[in-house]
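Chain by chain, the residues:
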There are 2 protein chains.
Amino acid sequence: MKKLVAALDVLSSEKAVKIAKDIVDYVDEFKVNYPLVLSAGIKVIKDLSKIRPVIADFKIADVPHLAYMISKIAFESGALAVIVHGFSGSDSVKATLDVARDFDGKVYVVTELSSKGGEEYMTKFSVDIAKMAKKLGCHGIIAPATRVEKVKILREVVGKMEILCPGVGFQGGSFEVLKFADGIIVGRSIYESEDPKKSAREIREIINKRT
Amino acid sequence: MKKLVAALDVLSSEKAVKIAKDIVDYVDEFKVNYPLVLSAGIKVIKDLSKIRPVIADFKIADVPHLAYMISKIAFESGALAVIVHGFSGSDSVKATLDVARDFDGKVYVVTELSSKGGEEYMTKFSVDIAKMAKKLGCHGIIAPATRVEKVKILREVVGKMEILCPGVGFQGGSFEVLKFADGIIVGRSIYESEDPKKSAREIREIINKRT
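Below, the structure is looked at part by part. (Residues numbered from 1 in each chain as written. Chains lettered and ligands numbered in written order. Predicted model: local features only at pLDDT ≥ 70, side-chain atom pairs only at ≥ 80, totals over all residues. Heavy atoms only, no water.)

### Examining the overall build of chain A
- Regarding its fold elements, chain A presents 9 helices and 8 strands.
- Its C-alpha atoms give chain A a radius of gyration of 16 Å, near enough to 17 Å, the size a compact globule of 211 residues would have.
- When the backbone C-alpha atoms are referred to their principal axes, chain A occupies close to 40 × 35 × 30 Å.
- Evaluated residue by residue, chain A yields a buried proportion of 64% over its 211 residues.
- For chain A, the proportion of contacts with a sequence separation of at least 24, taken over those separated by at least 6, is 65%.
- Within the structure as shown, chain A displays about 8,000 Å² of accessible surface, and the carbon and sulfur contribution to it stands at 51%. (Helix = DSSP H or I, 4+ residues; strand = E, 2+ residues; numbered from the N terminus. Rg over C-alpha atoms; globule rule 2.2 N^0.38 Å. Buried < 20%, exposed > 50% of the residue type's maximum accessible area, 1.4 Å probe, protein only. Contact = heavy atoms within 4.5 Å. Areas by Shrake-Rupley, 256 points an atom, 1.4 Å probe, with all protein chains shown as cover.)

Rendered as structure tokens:
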């Protein structure tokens, strides 16, 4: 069954945990980003991990010794996986992988952002970055649901590696991407919904019909 | 006089503040990154700001609505400036600039990382990114002290915009870069020194001789 990952970009631990408990039956993993951990403290990763595994979407894009330090904090705080930017170069991705191995954790590499700006520079290297991620032995890649044709190409490049796609919903991405992806990441359509549980269930049903 | 920015990539507020107070006479600004704020909490920015202005080196590399949220937290927490990746695209840089204007803050755009991996993808776009940063009205760019010839080219592109360069010291970058840069960012050579005050003073003296 294809995955539904819920991005919880809210600003308090209480709100994140409340939504997480509400939607637990319909989602496979949670994704947290800096707005939540900077506002609520890194401990929120442990709190959410008790409900479902957490992907630390830290979009690491720094030199290797800092990539190492940042991923170490993420895994020590209970994250199942971290997200690193491929454009920073293979040395930084390797540094993140080194930490992941110590924690039996996963590394997802961003190929290109789902936003309009992702088409300016990143899109030109996303295939190369996917190849690099595969060669290094990363667990998966992050690819844009807003560009289904690109995800199709990336699927051919990475073979059976996991592909997760943000961008369905507010950003205009399509569920069509599930033809090539292993799961989708949904944020605002769930956490900004008046009824997150209902929204998560509806999205889960659409995913199930397609897979 | 050219700037010395001290990167404080330690893991506790106490240690960061102690080093900051030790070196205050020789440095112009502090730079903090995720390892410190994730370990010590975001409040460390306010604590350090009482000693010298703080650049939040969050290397923002996300879609616009998250770039906006992350920079807002940085400025609300007392940062003078944030660092954003140009690679993510102009929409994310603009989102960061929108927040900066509300706080009378500064935005520095990373052109290419000083690490080896910065030569794999980023270096091909760093001139374009510098042009974009200038066009959008950003305050400055971050360029690699490990590639002085590249900084020379970037200086021609950005005119009088501020250029800050990490990479002198542990990463092998050269003080030569001060011919083209407005300042250097030094991390481990200071914070890992047995005598941070002495190290900061020595670096300050080298900078002064060259400017």
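### Some words on the sheet that holds strand 8 (residues 183-186) of chain B
All names here are of chain B.
- The sheet built from 8 strands closes into a barrel, its strands ordered 1-2-3-4-5-6-7-8 with parallel pairing. Adjacent strand axes in the sheet meet at a mean angle of 25°, parallel and antiparallel pairs treated alike.
- Relative to strand 7 (residues 162-166), strand 6 (residues 140-142) runs parallel, the two sharing 3 bridges. Bridge pairing in strand 7 places G140 opposite E162.
- This element, helix 5 (residues 90-103), spans strand 3 (54-60), strand 4 (81-85) and strand 5 (106-110) of the sheet and lies at about 160° to strand 5.
- Sheet strands touched by helix 7 (residues 148-158): strand 6 and strand 7. Its angle to strand 7, the strand with the most contacts, is close to 160°. (Pairing = 2+ DSSP bridges. Axes fitted to C-alpha atoms, helices over the stretch in contact; angles between N-to-C directions.)

### Thoughts on the environment of L36 of chain B
Residue and element names in this part refer to chain B.
- The topology assignment puts L36 in helix 2 (residues 34-40).
- Judged by its relative accessible area of 0%, L36 is buried.
- Considering only alpha carbons, one finds L36 and L11, 25 residues apart in sequence, at a separation of 4.8 Å.
- In contact with L36, other than residues within four places in its own chain, are L8, V10, L11, S12, S13, A16, G41, V44 and L48.

### As for unusual backbone geometry
Residue and element names in this part refer to chain A.
- Even without glycine at this site, K59 takes up a positive phi of about 35°.
- In this fold, K59 is placed in strand 3 (residues 54-60).
- One non-glycine residue, D104, lies in positive phi territory at about 55°.
- Mapping D104 onto the fold places it in the loop between helix 5 (90-103) and strand 5 (106-110).
- Judged by relative accessible area, D104 falls into the exposed class, the value being 72%.

### Description of the relation of the copies chain A and chain B
- Here chain A sits on chain B after a turn of 180° about the axis and a move of 0.0 Å along it, with an RMSD of 0.0 Å. The symmetry that links the two subunits is that of a two-fold axis. (Least-squares fit on C-alpha atoms with pLDDT ≥ 70 in both.)

### Here's the deal with the sheet that holds strand 2 (residues 29-32) of chain A
- With parallel pairing, 8 strands are arranged side by side around a closed barrel as 1-2-3-4-5-6-7-8 (chain A). Strand-to-strand twist in this sheet, taken as the mean axis angle between neighbours without regard to direction, amounts to 25°.

### A closer look at the packing of aromatic side chains
- Counted according to the given criterion, the structure contains 11 aromatic pairs over all chains.
- Both rings, one in F87 of chain A and one in F87 of chain B, keep their centres 4.0 Å apart while their planes meet at 15°; by these two values the pair is stacked. Of this pair, F87 of chain A sits in the loop between strand 4 (81-85) and helix 5 while F87 of chain B sits in the loop between strand 4 and helix 5, placing the two residues on different chains.
- Both rings, one in F75 of chain B and one in F103 of chain B, keep their centres 5.8 Å apart while their planes meet at 15°; by these two values the pair is stacked. Here F75 of chain B, found in helix 4 (residues 64-76), pairs with F103 of chain B, found in helix 5; they are 28 residues apart in sequence, far enough to count as distant.
- Taking relative accessible area as the criterion, F75 of chain B reaches 4% and is therefore assigned buried. (Phe/Tyr/Trp six-rings, centres within 6.5 Å; stacked < 30°, edge-to-face > 60°.)

### Considering the interface of chain A and chain B
- Across the contact, 45 residues belong to chain A and 45 residues belong to chain B.
- Summed over both partners, the interface of chain A with chain B buries about 3,600 Å², with 68% contributed by carbon and sulfur atoms.
- Among the residues of chain A in contact with chain B, L38, F87 and Y121 of chain A are the three that bury the most area, contributing 22% of the side total.
- The interface formed by chain A and chain B includes 2 salt bridges.
- Across the pair D62 of chain B and K59 of chain A runs a salt bridge whose closest N-O atoms are separated by 3.0 Å.
- Counting every contact that joins chain A to chain B gives 12 residue pairs in polar contact (both at pLDDT 80 or more).
- Sorting the residues of the side of chain A that touches chain B by element identifies helix 2 (34-40), strand 3, helix 4 (64-76), helix 5, helix 6 (126-136) and helix 8 (188-191) of chain A as the ones contributing at least two each.
- In terms of residue class, the side of chain A that touches chain B is made up of 22 nonpolar, 13 polar and 10 charged. (Buried area = accessible area lost by both parts, 1.4 Å probe. Salt bridge = Lys/Arg side-chain N within 4 Å of Asp/Glu carboxyl O. Polar contact = N/O pair within 3.5 Å; in protein donor to acceptor, adjacent residues only side chain to side chain. Nonpolar A, V, L, I, M, F, W, Y, C, P; charged D, E, K, R; others polar.)

### Focus: the environment of S126 of chain A
Residues and elements named next belong to chain A.
- Position of S126 relative to the elements: it lies in helix 6.
- As for S126 and S193, which are separated by 67 residues in sequence, their C-alpha atoms are 32 Å apart.
- Of note is the side chain of S126, whose polar atom sits 2.6 Å from the side chain of E112.

### A look at the state of the cysteines
All names here are of chain A.
- Inspection of the entire model under this criterion finds 0 disulfides over all chains.
- Take C138: it sits in no disulfide, and the sulfur closest to it among the cysteines is that of C165, at 16 Å.
- Assessed through its relative accessible area of 5%, C138 is described here as buried. (Disulfide = S-S within 2.5 Å.)

### Here we look at the nonpolar core
- Judged by nonpolar contacts, the single largest core of 182 residues is most densely connected at L48 and F58 of chain A together with L48 and F58 of chain B.
- Not counting residues up to four positions away in its chain, the partners in contact with L48 of chain B are L8, A16, V17, A20, F30, V32, L36 and V54 of chain B. (Core = buried A, V, L, I, M, F, W, Y, C linked by side-chain atoms within 4.5 Å.)

### A few points about helix 5 of chain A
All names here are of chain A.
- For helix 5, built from 14 residues, the straight-helix expectation of 20 Å at 1.5 Å per residue is met to within 8% by its first-to-last C-alpha distance of 20 Å.
- Those residues of helix 5 that sit buried are S90, D91, S92, V93, A95, T96, L97, V99 and A100.
- Buried residues along helix 5 sit in contact with strand 3, helix 4, strand 4, strand 5 and helix 6.
- Following helix 5 by one or two positions, D104 has its phi on the positive side, about 55°. (Expected span 1.5 Å × (residues − 1).)

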